[in-house]
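Given next are the chains, with one letter for each unit.
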Amino acid sequence: MDNTYTVLARKYRSQDFKSLIGQDVLVKTLTTAINTGRIAHAYIFTGIRGTGKTSTARILAKALNCTAGDGPTANPCGVCENCRAIAAGQHIDVLEIDAASHTGVDNMREILDATQYRPTNGRYKVYIIDEVHMLSASAFNALLKTLEEPPAHVIFILATTDIRKVPVTILSRCQRFDLVRVPVDTLKKHFAWIAEQEKVELSDTANELLARAADGSVRDGLSLLDQAIAQTGGHVDEAAVMDMLKRADRGVVVDFMQTLLSGNVASALAKADEIYTNGADLSMLLTDMMEWTHWATRMHPTLRISGTQNTPYTADQRERINEINKHVTLNTLSRIWQVMVAAVPEMQASTNQKQCFDMLVVRLMHIADMPSVPEILKQQKTETPTPVSTPAVDTTKVEKPTIKTATDLADALQSAREMMMYSYFTKNIEVSEIANNTICYFDRGNDNDFQQRLVLWLNNNTGAKWVLKKIETSHQNQTVNEQTKSETVADPMVADAMSLFENAEIVGISKQ
Ligand SMILES: [Zn+2]
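Parameters at a glance
- Residues numbered from 1 in each chain as written.
- Predicted model: local features only at pLDDT ≥ 70, side-chain atom pairs only at ≥ 80, totals over all residues.
- Buried ≥ 20, exposed ≤ 12 C-beta atoms within 10 Å, placed from the backbone.
- Helix = DSSP H or I, 4+ residues; strand = E, 2+ residues; numbered from the N terminus.
- Pairing = 2+ DSSP bridges.
- Right-handed = clockwise from strand over helix to strand, strands pointing away.
- Axes fitted to C-alpha atoms, helices over the stretch in contact; angles between N-to-C directions.
- Contact = placed C-beta atoms within 7 Å.
- Parallel < 35°, antiparallel > 145°, perpendicular 65-115°, else oblique.
- Left-handed = near helix turned anticlockwise from the far one by under 90°.
- Nonpolar A, V, L, I, M, F, W, Y, C, P; charged D, E, K, R; others polar.
- Core = buried A, V, L, I, M, F, W, Y, C linked by C-beta atoms within 7 Å.

Notes on the pairing of strand S4 (residues 154-160)
Item 1. The element S4 is largely enclosed, with a buried count of seven among its seven residues.
Item 2. Burial along S4 is two-sided: the residues Val154, Phe156, Leu158 and Thr160 and Ile155, Ile157 and Ala159 are all buried.
Item 3. Looking at chain direction, strand S1 (residues 42-46) and S4 are connected through five bridges and run parallel. The residue bridging Thr46 from the neighbouring strand is Thr160, located in S4.
Item 4. In this sheet, S4 lies alongside strand S3 (residues 125-130) in parallel orientation, the contact comprising five bridges. Considered in S4, the bridge of Tyr127 is made with Phe156.
Item 5. As for the winding sense of the linkage, the β-α-β connection from S3 through helix H6 (residues 137-148) to S4 is right-handed.

Set out below in structure tokens:
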């Protein structure tokens, strides 16, 4: 038996285009190009770590140099001398350069000087430059010179996880391929196949967890699988993977979200303590809470989206999410989502995750608790009696208004549904004084008609005789609208609400 353990990612590294995982578009384009003899002098592969950039580069090098046929082939044999040497990283004409350790221009010049010599054993000299974005500016310039007039026998294959750091001048001379994040289902299939080869048990739920945690990277997923196999002695189940990933069980997450949305701060914080004590990673918990919010939103009855049985939750957990959704609006879900997204970098930067998380819980509950703007409007509509439902005003029974301040007068006008006068008064009239049935005021709109109408209304409705004294120059008093606005801004609840919306401005205030 072989005593040295080869990590799964290396052992099951793709050796040909057919076995490249999850990169169908790239495979199709590249094989067609090779089969039709359209071979470029420079390629650049970009994508997150572990998606197969260097594997693809090696397969391409094999395809170009395989000696099984007369020329390059999209199906390298894998057994000829060239194929085997390239797979082992030992071919004399295929140079793998890690740009991270060859950033300088001298290194690059030295490497590029050798391009003038013809290949020794292969058809092409292939330069695979990994993490090419790490090169210095002068090294890029040296590379560019060679790319501008490459010798016919030289092929460059550049790979990078950060394409934005590669100069456009370089990019414009390369054929670019984007390696995509490998989908969860594809990863699951791959991991299940490997588990079978390795004769280890891998439960479907454990596999699902690994595939999701891999986040599109075959290599990350396989190193997690390695770790899980080592920790469980080959019986990889959900509990073991949960434990390894330091994740709280999904049922716990559903529980937690239910408590959080119920509005009981004390019990939500106690639950957070419990989850933390049980060893869950709080950043992971936040990720799980976001996952929950995403699915709860998709499952929300108002959206009526079909196909929600594809959730990562069990039937029982789905049932509970539906139950929670009966009491939670779509708006609340979308607002807590925003707060959670904003908290991700905060959690990462924080030296004390638990503190950060506790504060997040309080913030989330505060947000979940607040009615949304449409909800407030709806509430106002139901609380303000409409004219239709109001019985005809019987003046003999109506209490005569007492008017001592500008606000009193505004309220009286509003109650009497004198909306034109109410609106003009609250917007234009600066009241200086109200005393002994005399109102001193400045009228910004200078409307004499208003004065006549108001005095008539006051005389008819207050049982007293009024005098309106219009002054010619403003005493810089606030109108009723301005008073209400400054009172509203000073209200801590409103200030709180305003802070939720960027660049919020109060444009109007409706009274209940
Ligand atoms: Zn071969």
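Digging into unusual backbone geometry
Most peptide bonds take the trans form, and the phi angle of most residues other than glycine is negative.
Item 1. With a phi angle near 50 degrees, Asn436 is a residue other than glycine that sits in the positive phi range.
Item 2. The phi torsion at Gln476 lies on the positive side, around 60 degrees, for a residue other than glycine.
Item 3. Relative to the helices and strands, Gln476 resides in the loop between strand S10 (467-470) and helix H22 (480-490).

Comments concerning the sheet that holds strand S2 (residues 94-98)
Item 1. Ordered in space as S2-S3-S4-S1-S5, the five strands form an open sheet in which the pairing is parallel. Since the sheet does not close on itself, it has two edges, and those belong to S2 and strand S5 (175-178), each with one partner. Taking the axes of each pair of neighbouring strands and ignoring which way they run, one obtains an average angle of 15 degrees across the sheet.

Re the environment of Asp106
Item 1. Note on placement: Asp106 falls in helix H5 (residues 105-113).
Item 2. By the C-beta count within 10 Å, which is 11 here, Asp106 ends up exposed.
Item 3. Distance from Asp106 to Ala139, taken between C-alpha atoms, is 7.7 Å for residues 33 residues apart in sequence.

Points about helix H9 (residues 204-214)
Item 1. The set of residues buried in H9 consists of Ala206, Asn207, Leu209, Leu210, Ala211 and Ala214.
Item 2. Residues of H9 that are buried in the fold lie against helix H8 (184-198), strand S6 (201-202), helix H10 (218-232), strand S7 (235-236) and helix H11 (238-244).
Item 3. Positioned one or two residues after H9, Asp215 has a phi angle of 50 degrees, which is positive.

What about the packing of helix H12 (residues 250-262) against helix H13 (residues 265-277)?
Item 1. It is the contact of H12 with H13, at a shortest axis distance of 9 Å, that shows an interaxial angle of 160 degrees. The orientation of H12 with respect to H13, classified from their angle, is roughly antiparallel. Once H12 is placed against H13, the crossing between them reads as left-handed. Of the residues in H13, those touching H12 at Val252, Phe256, Thr259 and Leu260 are Ser267, Ala268, Lys271 and Ile275.
Item 2. Counted by class, the contact of H12 with H13 contains five nonpolar, two polar and one charged residues.

Quick word on the environment of Asn461
Item 1. Here Asn461 lies in helix H21 (residues 448-462).
Item 2. Remark: the alpha-carbon pair of Asn461 and Pro401, spanning 60 residues in sequence, is separated by 7.7 Å.
Item 3. The contact partners of Asn461, leaving out residues within four places of it in the chain, are Lys400, Pro401 and Ala416.

Topic: the nonpolar core
Item 1. Leu60, Val126, Phe156, Ile157 and Leu158 are the most contacted members of the largest nonpolar core, which has 43 residues in total.
Item 2. Mapped onto this core, the elements with two or more residues apiece are helix H2 (24-35), S1, helix H3 (53-65), helix H4 (81-87), S3, H6 and S4.
Item 3. Sequence-distant contacts of Leu158, that is, excluding residues within four places in its chain, are made with Ala42, Tyr43, Ile44, Ile129, Val132 and Cys174.
Item 4. Leu282, Met289, Phe357 and Leu364 belong to the second-largest nonpolar core, a separate cluster that totals 27 residues.

So, the sheet that holds S10
Item 1. Pairing within the open sheet is mixed, and its three strands lie in the order S8-S9-S10. Each edge of the sheet is formed by a strand with only one pairing partner; in this case those strands are strand S8 (429-435) and S10. Recorded for the sheet is a direction-independent mean angle of 25 degrees between the axes of neighbouring strands.
Item 2. Pairing analysis gives six bridges linking S8 to strand S9 (residues 438-443), with the strands arranged antiparallel. The residue of S9 that forms the bridge with Ala435 is Thr438.

With respect to the packing of H5 against H6
Item 1. Taken N-terminus to C-terminus, the directions of H5 and H6 make an angle of 20 degrees; their axes are 8 Å apart at the nearest point. Between H5 and H6, the crossing angle belongs to the class labelled roughly parallel. The crossing of H5 and H6 is right-handed. Across from Val105, Met108, Arg109 and Leu112 in H5, the residues of H6 making contact are Ser138, Ala139, Ala142, Leu143 and Thr146.
Item 2. Per-class residue counts for the contact of H5 with H6 are six nonpolar, two polar and one charged.

Digging into helix H20 (residues 419-428)
Item 1. Those residues of H20 that sit buried are Tyr424, Phe425 and Thr426.
Item 2. Residues of H20 that are buried make contact with helix H19 (406-415), S8, H21 and H22.

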